[in-house]
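Coordinate inspection notes
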Amino acid sequence: MTVRRVWIALLGGAVALVVALLFVQNQRSLSPAAKPSLVATAPTPRQIGGEGGTWFDYDPTFFAADLKVTKTVLVAVHADWCIDCQAQAPIMARLMREPAFKNAVGYIVDFDHDRAFLAAHKVRTQSTLIVFKDGVEVDRAVAITNEAAIRNLFEEGL
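Quick word on the overall build of the chain
Helices and strands together make up the secondary structure of the chain, namely 5 helices and 5 strands. Secondary structure elements of the chain, listed N to C terminal, follow the sequence α-β-α-β-α-β-α-β-β-α. Per-residue burial for the chain yields a buried fraction of 34% across its 158 residues. Sequence separation of 24 or more characterises 65% of the internal contacts of the chain that already satisfy a separation of 6 or more. For the chain, the exposed area adds up to about 9,500 Å²; of that, 60% sits on carbon and sulfur atoms.

And the structure:
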């Protein structure tokens, strides 16, 4: 093995170690209380279309029913490890508390686990935001983190 290959291998290992350490440090510094929360605790039993202005964990049964009875359904395809998702979370939570979105229902789709939703709606990446109006998708955007852009997207469903 040449000296150059040894240096490249060492450099690659060092970079991987630094990235791993930064990831671990980031996970430790984000306590559950510090992470922005989008998902509200749903009342039991949950009313279809009755909790406007709230984000819920994706549930196929409730999602399908809400598409039929709720005029605006917002979907955020989220991954805890996604930087764009982390930036979107507090903006989306803030927007849903505004009076304009009181009749909207939001769903958080887990990018790592809700594969059936991803396939059915042709979602290829996390941080995808989808807007449904009267049961039909009207628009979507990927990786937008600007509050005005997210607001404009969500308002398409109103």
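From this point, the narrative continues.
A word on the nonpolar core
Residues Phe63, Val75, Val77 and Phe117 are the most contacted members of the largest nonpolar core, which totals 19 residues. Looking at this core, the elements that each hand over two or more residues are helix 2 (60–69), strand 2 (72–78), strand 3 (104–110), helix 4 (115–120) and strand 4 (128–133). Not counting residues up to four positions away in its chain, the partners in contact with Phe63 are Tyr58, Val73, Val75, Tyr107, Phe117, His121 and Phe132. Counting 17 residues, the second largest nonpolar core, distinct from the first, contains Leu74, Ala76, Leu95 and Ile108.

Details of helix 2
Of the residues making up helix 2, those classed as buried are Phe63, Asp66 and Leu67. Taken around the axis of helix 2, the buried residues stretch over an arc of 105°, which confines them to a single face. Of the exposed residues in helix 2, those oriented more than 90 degrees away from the buried face are Thr61, Lys68 and Val69. The elements touched by buried residues of helix 2 are strand 2, strand 3, helix 4 and strand 4.

A short note on the sheet that holds strand 5 (residues 136–142)
Within the open sheet, the 5 strands sit side by side as 1-3-2-4-5. Their pairing is mixed. Every interior strand has two partners, whereas the edge strands, strand 1 (54–57) and strand 5, have only one. For this sheet the average axis-to-axis angle between neighbouring strands, irrespective of direction, equals 20°. Of the strand pairs in this sheet, strand 4 and strand 5 are connected by 6 bridges, and their pairing is antiparallel. Note that in strand 5 the partner of Ile130 across the bridge is Arg140.

Topic: unusual backbone geometry
With a phi angle near 55°, Lys122 is a residue other than glycine that sits in the positive phi range. Residue class for Lys122 comes out exposed when judged on its relative accessible area of 63%. Residues other than glycine seldom take positive phi values, yet Ala143 does so here, at roughly 65°. By the element assignment, Ala143 lies in the loop between strand 5 and helix 5 (147–155).

Regarding the confidence of the model for the chain
Atom-level detail of predicted coordinates should not be read off regions where pLDDT is low. Averaged over all residues, the pLDDT of the chain equals 81, while 68% of them reach at least 70. For the stretch residues 28–36, pLDDT sits under 50, and the model shows 6 contacts to residues farther than four places along the chain or on other chains. Note on residues 40–44: pLDDT is under 50 here. Beyond four places in sequence and across chains, it has 5 contacts.

Reading guide: rules and limits
- Residues numbered from 1 in each chain as written.
- Predicted model: local features only at pLDDT ≥ 70, side-chain atom pairs only at ≥ 80, totals over all residues.
- Heavy atoms only, no water.
- Helix = DSSP H or I, 4+ residues; strand = E, 2+ residues; numbered from the N terminus.
- Buried < 20%, exposed > 50% of the residue type's maximum accessible area, 1.4 Å probe, protein only.
- Contact = heavy atoms within 4.5 Å.
- Areas by Shrake-Rupley, 256 points an atom, 1.4 Å probe, with all protein chains shown as cover.
- Core = buried A, V, L, I, M, F, W, Y, C linked by side-chain atoms within 4.5 Å.
- Arc of directions from axis to C-beta.
- Pairing = 2+ DSSP bridges.
- Axes fitted to C-alpha atoms, helices over the stretch in contact; angles between N-to-C directions.
- pLDDT = per-residue confidence, 0-100.

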